[in-house]
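Here are the chains, one letter per residue:
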Amino acid sequence: MRGISVRLKALSKSFGKVVALKTLDLDVKAGELVAFLGPSGCGKTTTLLMIAGIYQPTGGEIYFGDRRIEHLHPRDRDVGMVFQSYALYPHLTLFENVAFPLRLKRTPNTEITEKVTQTAALLGIEHVLDRRPAQVSGGQQQRGALARALVKEPQVLLLDEPLSNLDAQIRVQARGEIRRLQQDLGVTSILVTHDQAEALAMADRVAVFSTGELQQFATPEELYRRPANVFVARFVGHPPMNLLDGEFANGQFAMGDVRIPVPRGHPEGPGSLGIRPEDANLDGEIPVRTVVLETLGRENLVTVRLGTADIRVLVDQSIRPKPGQAVRLGYKPDRVHFFDQGGTRIGL
Amino acid sequence: MALLPPRWRLVLIVLVAFCLPILSGVAWLFLTGSFDRVHGLIPQGSVALKNWRFLWEAVGGRPPIRVPLVNSIIFSIVVSTSVVLISSMAAYAISRMSFPGRRMYLGLVLVLHAFPAVSLLIAIFYILRRLGLFDTLLGVILVKTTLELPLGIWLMKGFFDFLSWEMEMAALVDGMSRWTLFRKIALPLVRPGLLALWTFSLLSAWGEFILPFTFIVSSQNFTMAMYLQTFLSEAFADFGMLAAVGVFYALPVVVLFMIGQRFLLNIYSGGVKG
């Protein structure tokens, strides 16, 4: 199974007066797994359904390799798709579900049996093939849906929130399996998810969407290290980044009466300062007061108050300040993020 | 019955009391059909087979029983099958596709459903005569099917509305056309609805009286309901035979109802289980 590159050129979609996707340009390399990440209603699923051929784009072009395909019926696009609800056909056995795409292609029966069994074995569901979807577990349904998508050896695999109906425990296991399978098969894949941990864990590159617009398209490391704007900064990383609104001037960040010294490279004038909880500590110089302590197990999450803002700090489990206790906030100077008034990243 | 708590025993008694007129009517039908004479509900004389002689001989200038029987069977089956075919396609389109005038069409269908069909009899009479379909079974079949469609369309739309969109999308991605999807995925999943609608229309057509009575005159085209009516319109009605024909006419309905009640219950709950 070989992948193919996917290119979206000035793609857009409106439903009546509602703009679901503003102009989108995006390239997915052959064999790559790209995640579309964003809150609900951000346009990520709309984009996926346009690639699948369920929705007609309002404008723009879609290419698979060099072939322009946005006008083609889904069946002529050679894509496999897994849906959030799995969307298995409830009246058919898992075997028939997986066999369905092949039957539609008029594949000979012996070949169907062979391919279905092979794909099912790959996903570990060969022992439940004679059951109907309602008679197997959620995890098996999910694999059944994946098998149905993969059995026709598609050039592009589309995954629409494929893990969100699974239990937390199986989910972590399943995301590793899907990733390994995808790499083994080398099939170009697009994963739609609202779970940033899932996107970071599985994808080669992540496209972050908000309100119908692409916010940033980068590797997971890049998203985490250098978020392009305030939205990405808040959405990627857990617990989320602390963002303080204030004014930059003369090497200082002023927020009301509070002044924080900041390293070089900051903008001048109003803007925001961002610091991740894991890049802050309680060994610094800025006097703050503890608001609440949450025990996470390996670490503790301490919320402290600076002026009117709450800041969350990840500390070692041995550090347990009591609510109301005065502590001293510090941070790694090379890990602070600056954003201008419009929320766009400034500097490194 | 012993398990029934006292409060429910009372409810049962009240319900039986309300059903008494109907129950006694049914009892009268069976008794009158089976015995020589019946005074009230008390049979007089011996069990009489002569009331059932319509089964093997033509009675009083009427056609033999097989004529209205076959007509009624054709009428009911063609009507119910057409209703199921047409409503399921129309309902799928309404439920799943967007086309101009969809809302208006839905409203129109609903109005037609509420419209009293009897008030259309005269107009339909002219139309049938114009088309050369007056006094034909086909004509009545067309009229009955049309009048049953609004209910069928709304009913099936309810069933199709329950199908998941993602499943349809999956089917399209799997390589199905809309038409294959309709036949292979959507229809099998609304099977309870199809069976319910089919049974319902079959019963409704089997019991239909006013349409055949208005639009059919030749005895060769009589349906069972009309055949039964001929016994009432005589100067000296033979109540014994009238009752026997009544029982004979009701029998298929009872049998079908017993087989089909599971599906019919679906209509009233209106759900579809994946």
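Residues numbered from 1 in each chain as written. Chains lettered and ligands numbered in written order. Predicted model: local features only at pLDDT ≥ 70, side-chain atom pairs only at ≥ 80, totals over all residues. Heavy atoms only, no water.

Chemist: Teacher, can you tell me more about the overall build of chain A here?
Modeler: Broken down by element type, chain A carries 8 helices and 20 strands. Along the longest, intermediate and shortest principal axes, the C-alpha atoms of chain A span 75 × 45 × 35 Å. At a minimum sequence separation of 6, the contacts of chain A that also span at least 24 residues come to 64%. Accessible surface for chain A amounts to roughly 15700 Å². Of this, 48% is attributable to carbon and sulfur atoms. Across chain A, 42 positive and 39 negative side-chain charges occur, with their mean positions spaced 3 Å apart. (Helix = DSSP H or I, 4+ residues; strand = E, 2+ residues; numbered from the N terminus. Contact = heavy atoms within 4.5 Å. Areas by Shrake-Rupley, 256 points an atom, 1.4 Å probe, with all protein chains shown as cover. Lys, Arg positive; Asp, Glu negative; His and termini not counted. Charge placed at Lys NZ, Arg CZ, Asp CG, Glu CD.)

Chemist: What is the right way to read the interface of chain A and chain B from this model?
Modeler: How big an interface is tends to be expressed through the accessible area that disappears when the partners come together. Taken together, the contacts link 24 residues of chain A with 17 residues of chain B. Of the roughly 1700 Å² buried where chain A meets chain B, counting both sides, 68% is carbon and sulfur surface. Taken together, the connections running from chain A to chain B amount to 1 salt bridge. Taken together, the links from chain A to chain B amount to 5 residue pairs in polar contact (both at pLDDT 80 or more). Counting residues per element, the ones that place at least two in the side of chain A that touches chain B are helix 1 (44-52), strand 6 (79-82) and helix 2 (94-104) of chain A. (Buried area = accessible area lost by both parts, 1.4 Å probe. Salt bridge = Lys/Arg side-chain N within 4 Å of Asp/Glu carboxyl O. Polar contact = N/O pair within 3.5 Å; in protein donor to acceptor, adjacent residues only side chain to side chain.)

Chemist: Just to check I follow, could you spell out the packing of helix 3 (residues 102-114) of chain B against helix 5 (residues 137-161) of chain B for this structure?
Modeler: Axes are the key here: two packed helices are described by the angle between their axes and the distance separating the axes. Residues and elements named next belong to chain B. Remark: helix 3 packs on helix 5, axes separated minimally by 8 Å, with the N-to-C direction vectors making an angle of 125 degrees. With respect to their mutual orientation, helix 3 and helix 5 come out oblique. Where helix 3 crosses over helix 5, the two elements pack in a sense that is left-handed. Contacts between helix 3 and helix 5 involve Arg102, Tyr105, Leu106, Val109, Leu110, Leu112 and His113 on the former and, on the latter, Pro150, Leu151, Ile153, Trp154 and Lys157. Here the contact of helix 3 with helix 5 is built from residues that sort into 9 nonpolar, 1 polar and 2 charged. (Axes fitted to C-alpha atoms, helices over the stretch in contact; angles between N-to-C directions. Parallel < 35°, antiparallel > 145°, perpendicular 65-115°, else oblique. Left-handed = near helix turned anticlockwise from the far one by under 90°. Nonpolar A, V, L, I, M, F, W, Y, C, P; charged D, E, K, R; others polar.)

Chemist: Explanation requested: helix 4 (residues 121-131) of chain B in the structure shown.
Modeler: Since the α-helix turns once every 3.6 residues, residues separated by three or four places project in the same direction. Residue and element names in this part refer to chain B. For helix 4, the full list of buried residues reads Leu121, Ile124 and Leu128. One side of helix 4 holds all its buried residues, which, seen down the axis, span an arc of 60 degrees. With respect to the buried face of helix 4, the exposed residues turned more than 90 degrees away are Ile122, Tyr126 and Arg130. Contacts made by the buried residues of helix 4 are with helix 5 and helix 9 (210-215). Just beyond helix 4, the residue with positive phi is glycine 132, at close to 75 degrees. (Buried < 20%, exposed > 50% of the residue type's maximum accessible area, 1.4 Å probe, protein only. Arc of directions from axis to C-beta.)

Chemist: Looking at this structure, how should I read the sheet that holds strand 9 (residues 205-210) of chain A?
Modeler: Backbone-to-backbone hydrogen bonds join strands into a sheet, with any given pair of strands oriented parallel or antiparallel. Residue and element names in this part refer to chain A. Taken together, 6 strands build an open sheet; the order of strands is 6-7-8-3-9-10 and the sheet is mixed. Across the chains shown, the open sheet's two edge strands, defined by having one partner strand only, are strand 6 and strand 10 (213-218). The average angle at which neighbouring strand axes cross in this sheet is 15 degrees, direction not considered. (Pairing = 2+ DSSP bridges.)

Chemist: Teacher, can you tell me more about the sheet that holds strand 14 (residues 269-275) of chain A here?
Modeler: Here 6 strands make up an open sheet; going across it, the order is 13-12-11-14-19-20 (chain A) and the pairing antiparallel. The strands lining the two open edges of the sheet, one partner per strand, are strand 13 (258-261) and strand 20 (345-346) of chain A.

Chemist: Just to check I follow, could you spell out the pattern of salt bridges for this structure?
Modeler: Residue and element names in this part refer to chain A. For the structure on display, the rule yields 25 salt bridges over all chains. Of the charged contacts, one joins arginine 68 and glutamate 70 as a salt bridge, the two residues approaching to 2.7 Å between their closest N and O atoms. Given the relative accessible area of 8%, glutamate 70 is considered buried. Each member of the salt-bridge network shares a partner with another, and the members are Lys9, Glu61, Arg68 and Glu70.

Chemist: Just checking my understanding: could you explain the environment of Leu181(A) for this structure?
Modeler: Residues and elements named next belong to chain A. Here leucine 181 shows up in helix 5 (residues 168-185). Relative accessible area serves as the criterion here: at 8%, leucine 181 is assigned to the buried category. Residues leucine 181 and lysine 105, 76 residues apart in the sequence, show an inter-C-alpha distance of 24 Å. In this structure, leucine 181 is in contact with Leu122, Leu123, Leu146 and Leu150, ignoring residues within four places of it in sequence.

Chemist: When you look at the domain arrangement of chain B in this model, what are you seeing that I'm missing?
Modeler: If you check the domain split of chain B, you get domain 1 (6-48) and domain 2 (66-234 + 248-269). Using C-alpha coordinates to define each centre, domain 1 of chain B is positioned 34 Å away from domain 2 of chain B. (Domains from an automatic or database assignment.)

Chemist: Help me out: how do you make sense of the packing of aromatic side chains in this one?
Modeler: Given two aromatic rings, their pairing is described by the distance between the two centres and the angle made by the two planes. This structure, assessed with the given rule, holds 18 aromatic pairs over all chains. Taken together, a centroid distance of 5.1 Å and an interplanar angle of 55 degrees make the contact between Phe36(A) and Phe209(A) tilted. Taken together, the residues Phe36(A) in strand 3 (residues 33-37) and Phe209(A) in strand 9 connect sequence positions 173 residues apart. Here Phe36(A) and Phe209(A) have matching classes, each one buried. Between Phe125(B) and Tyr126(B), the ring centres sit 5.6 Å apart and the planes meet at 70 degrees, which makes this aromatic pair edge-to-face. The rings of Tyr92(B), Phe160(B), Trp179(B) and Phe182(B) are connected pair by pair, giving a single aromatic cluster. The ring of Tyr224(A) has Arg276(A) sitting right over it, with the charged end atom 4.2 Å from the ring centre. (Phe/Tyr/Trp six-rings, centres within 6.5 Å; stacked < 30°, edge-to-face > 60°. Lys NZ or Arg CZ within 6 Å of the ring centre and 35° of its normal.)

Chemist: What should I look at first to understand the packing of helix 2 (residues 66-96) of chain B against helix 8 (residues 191-206) of chain B in this one?
Modeler: Residue and element names in this part refer to chain B. It is the contact of helix 2 with helix 8, at a shortest axis distance of 8 Å, that shows an interaxial angle of 145 degrees. The two elements helix 2 and helix 8 cross, and the hand of that crossing is right-handed. Residue composition of the contact of helix 2 with helix 8, grouped by class: 13 nonpolar, 7 polar and no charged.

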